[in-house]
Amino acid sequence: QKNFDEFRRFKLKMIFPKAGLRETRRVRGEYVLNQNDLIAGLSKQKHGDIIAIADHPMDNHGGGGPGGEMKEAYGIPYRCLLPLKTQNVLIAGRAASFSAIAASSCRLSRTMMQLGEAAGVAAHLACEKNVSLREVPAAEIRSVMQGRIDQDVKRCP
């Protein structure tokens, strides 16, 4: 306020007791990723359709309950992107099928980019094979994504 004349007449009236909400609406999918998946990690998860990997801590910002660093990375199943009672729709973003505590961990851009890439690959494969999105095997999605990574690594000096 001291450095800018236009702000000199302003006074701080109040500060909100809590910061803004980071939670948004989520769509219930064929599977809801939850804190048990995060705690189990890749070594104990039983999902055969994992299409993305995350490792950010559970982050509840003073809301009580679980939190803290992850012991290992965990996987996000393709079924989290497939909304219930819909055909040929994918939800690849913060609105995907996550519990509140799971969403606090996998909300990061790096994870959302993986989900977006997986959704794009799934859509391409569904068109190419003339099948619904539910019929696209997660193993093929992973294979295409891995092939892209391998190609990118070969191009690096």
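Above this text is the structure in question.
Being a predicted model, the structure only gives us computed values, none of them experimental.

Enquirer: How should the pattern of salt bridges be read in this particular structure?
Expert: According to the stated counting rule, one finds 4 salt bridges in the structure shown. Its salt-bridge partner being Asp-55, residue Arg-110 comes within 2.7 Å of it at the nearest N-O pair. Taken together, the residues Arg-110 in helix H3 (residues 109-129) and Asp-55 in the loop between strand S1 (50-54) and strand S2 (74-77) connect sequence positions 55 residues apart. Note on Asp-55: relative accessible area 40%, which makes it partly exposed.

Enquirer: Help me understand a nonpolar patch on the surface, please; the structure alone is not making it clear to me.
Expert: There is a patch of nonpolar side chains on the surface, built from Phe-4, Phe-7 and Phe-10 and spanning about 300 Å² of accessible area. Note on placement: Phe-7 falls in the segment before helix H1 (35-44).

Enquirer: What am I meant to see in the nonpolar core here?
Expert: Of all hydrophobic cores here, the largest spans 34 residues; its most connected members are Leu-33, Ile-51, Ile-76, Tyr-78, Phe-98 and Ile-141. The set of elements that each furnish at least two residues to this core consists of S1, S2, helix H2 (100-106), H3 and helix H4 (138-155). Excluding residues that lie within four positions of it along the chain, Leu-33 makes contacts with Leu-38, Gln-45, Tyr-74, Gly-75, Ile-76, Pro-77, Cys-80, Ser-97, Phe-98, Ser-99, Ala-102 and Cys-106.

Enquirer: I'm lost on H1 in this one. Help?
Expert: Residue pairs spaced three or four apart in an α-helix point in one direction, given the helix's 3.6 residues per turn. Looking at H1, one finds that the buried residues are Asp-37, Leu-38, Ala-40 and Gly-41. Contacts made by the buried residues of H1 are with S2 and H2. Of the residues that open H1, the one with a side-chain oxygen 2.8 Å from the backbone nitrogen of Asn-36 is Asn-34.

Rules used in this analysis
Residues numbered from 1 in each chain as written. Predicted model: local features only at pLDDT ≥ 70, side-chain atom pairs only at ≥ 80, totals over all residues. Heavy atoms only, no water. Salt bridge = Lys/Arg side-chain N within 4 Å of Asp/Glu carboxyl O. Helix = DSSP H or I, 4+ residues; strand = E, 2+ residues; numbered from the N terminus. Buried < 20%, exposed > 50% of the residue type's maximum accessible area, 1.4 Å probe, protein only. Patch = residues over 30% accessible without salt bridge, like charges linked within 9 Å, V, L, I, M, F, W, Y side chains within 5 Å. Areas by Shrake-Rupley, 256 points an atom, 1.4 Å probe, with all protein chains shown as cover. Core = buried A, V, L, I, M, F, W, Y, C linked by side-chain atoms within 4.5 Å. Contact = heavy atoms within 4.5 Å. Polar contact = N/O pair within 3.5 Å; in protein donor to acceptor, adjacent residues only side chain to side chain.

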